[in-house]
Amino acid sequence: MTGSELAFLALGLLLGAATGAALIVVLGNRPRQREVRLTVARDAVPRRSGTLSQDAFVTSASEPARGGPGDRRWFDRDNDAPSSDGPKWFPTAQSAPASTEAQIRPPDRTIVPSASPAVAVAVGIAVEPEAEPRVAVPHRGPKHESALERMLRGEHRAMVEVVDAVAGADSRQRRDWELLLGGLVEAMADMATRESVIDFPMGTAFWDSFTIEQCRRLTAALASMGYRYDGKAGWVDSRVPAYRDLTQALADIGVEPRRVRAWPNQAEIAVLFDGARPAPEELLAAAGPDYRAEDMQAILGERAADLANLWIAWDGVRPALFDDPATVDALIRA
C-alpha cells in the first residue's frame, strides 16, 4: 500500500468521525414530541360480558325485574313526600348552610340579633310555584275488600263477621257455618295452588329476575314436569327439580336461560318457595260481578262437590261475603 492510499484512508476516517459527531449533536437537540396520557377508570366504558349468562354489554347494575316480586317502586315511597304540584317547603336559615342563606331568606326580611339564648324551632317557609296551573285530584280512599277476600288472605276477623251475620248467637249453626266457610277457603286455596296463582317472596334473587306473570308461568311449567308447589313452602312429596329442569321450564315459557344471572344452587332450589303463598283472592275476578253459585262452582271445579250444603244456602250468605260492611251490620242487627 502506497503512501497516497494511506493518506486517503486517514482523511476518510477523519471526515466520517466528524460527520457522525455532528449528527449526534443535531439529533440530540431536537425537541421531544408532546405526549398525552389518558387514564380510564374501571368500567368507565361499557365492557363486554364475561360469560354467556350476561347481556352483551353491561350498561347498568342488575336490578329486580320491573313488575316482579322484588319491584318495590310503588310501595317504598314516603306518603308525606311533597308533591310536584303542591307548595314546596324549604328549611329556614337556622338549618340551612351558610352558602344558601341568601337564597332562602325572603328579600323583604332582615335578621335582628337578639340577646336571649338561641332556641331551636322547626319552622318552614311555604313558597308557592309561580304561574303553575293546579289540577284538582280527587281523593282516593283505601280499596274496599270484601269479607271473602279478607278470609282468603287469612284474616280470622272476617270469618267471625260473616258467621255473626248468617248464624247469630246459635252455637250449633255457628259451628256448621264455620265448617262450610272454612271448606270454601281451603278449596279456593287449593285451586289457586293448582293454577299457580301464587304470591312469590320478595328478596329472592331468582324470582326477582322475572315478572309475576313469568314466575307463575314458570311454576306451571314445573308442575307439568311433575315438580309441584305444595301450597305452603315446599315441593309436593319433596320432589325437587334440578338445574336442568329449571332450564327446560324457562325455555318452555320463552325465557332464554342464558340471560338469567341469579341461578340458585340445589340447596336454594329446595327452599325456592320459602315465603310464598297461594293467592286465591285473585280467582274471584273470574266469578264476578254477580258471584252466583254457578260461577263459584265453575272456579272450584271438582272441589265444589264437597260444598253442596253451602250452595243450597248461597243466596243467603252471599251478601255477607261480598257486600259492603253496612250490609253486614244490617244483617247482624236483624
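Residues numbered from 1 in each chain as written. Predicted model: local features only at pLDDT ≥ 70, side-chain atom pairs only at ≥ 80, totals over all residues. Heavy atoms only, no water.

**Observations concerning the overall build of the protein chain**
Scanning the protein chain from terminus to terminus reveals twelve helices and four strands. Taking the contacts inside the protein chain whose residues are at least 6 apart along the sequence as the reference set, 64% of them involve residues at least 24 apart. In the form shown here, the protein chain has an accessible surface area of approximately 23600 Å², with 55% of it arising from carbon and sulfur atoms. (Helix = DSSP H or I, 4+ residues; strand = E, 2+ residues; numbered from the N terminus. Contact = heavy atoms within 4.5 Å. Areas by Shrake-Rupley, 256 points an atom, 1.4 Å probe, with all protein chains shown as cover.)

**Some words on the environment of Trp311**
Along the chain, Trp311 turns up in helix H10 (residues 308-312). As a C-alpha pair, Trp311 and Leu180 span 131 residues in sequence and 9.8 Å in three-dimensional space. Sequence-distant contacts of Trp311, that is, excluding residues within four places in its chain, are made with Leu184, Ala293, Met296, Gln297, Leu300 and Ala304. A polar side-chain atom of Trp311 sits 3.1 Å from the main-chain carbonyl oxygen of Leu307. (Polar contact = N/O pair within 3.5 Å; in protein donor to acceptor, adjacent residues only side chain to side chain.)

**Things to note about the packing of aromatic side chains**
With the rule as written, the count across this model stands at twelve aromatic pairs. Ring pairing ties together the aromatic residues Phe200, Phe206, Trp207, Phe210, Tyr229, Trp235, Tyr243, Trp263 and Phe273, which thus form one cluster. Residue placement shows Arg239 over the ring face of Tyr227; its charged tip is 4.4 Å from the ring centre. (Phe/Tyr/Trp six-rings, centres within 6.5 Å; stacked < 30°, edge-to-face > 60°. Lys NZ or Arg CZ within 6 Å of the ring centre and 35° of its normal.)

**Examining the environment of Gly168**
Secondary-structure assignment places Gly168 in the loop between helix H4 (156-167) and helix H5 (171-194). Take Gly168: its relative accessible area is 30%, and that puts it in the partly exposed class. Those residues within four positions of Gly168 in sequence are excluded, and the remaining contacts are Val163 and Arg174. (Buried < 20%, exposed > 50% of the residue type's maximum accessible area, 1.4 Å probe, protein only.)

**Observations regarding the packing of H4 against H5**
One can describe the packing of H4 onto H5 by two numbers: an axis separation of 10 Å at closest approach and a directional angle of 130°. It follows that H4 is oblique to H5 by the angle criterion. At the point where H4 passes H5, the crossing takes the right-handed sense. Between H4, through Met159, Val160, Val162, Val163, Asp164, Val166 and Ala167, and H5, the contact on the second element is made entirely by Gln173, Arg174, Trp177, Glu178, Leu181 and Gly182. In terms of residue class, the contact of H4 with H5 is made up of eight nonpolar, two polar and three charged. (Axes fitted to C-alpha atoms, helices over the stretch in contact; angles between N-to-C directions. Parallel < 35°, antiparallel > 145°, perpendicular 65-115°, else oblique. Left-handed = near helix turned anticlockwise from the far one by under 90°. Nonpolar A, V, L, I, M, F, W, Y, C, P; charged D, E, K, R; others polar.)

**A short note on helix H6 (residues 212-224)**
With 13 residues, H6 extends 19 Å from end C-alpha to end C-alpha; this agrees with the ideal 18 Å at 1.5 Å per step. Looking at H6, one finds that the buried residues are Cys215, Arg216, Leu218, Thr219, Ala221 and Leu222. In this structure, the buried residues of H6 make contact with strand E3 (198-199) and helix H7 (243-252). Taken from the residues just after H6, Gly226 is the one with a positive phi, measuring 100°. (Expected span 1.5 Å × (residues − 1).)

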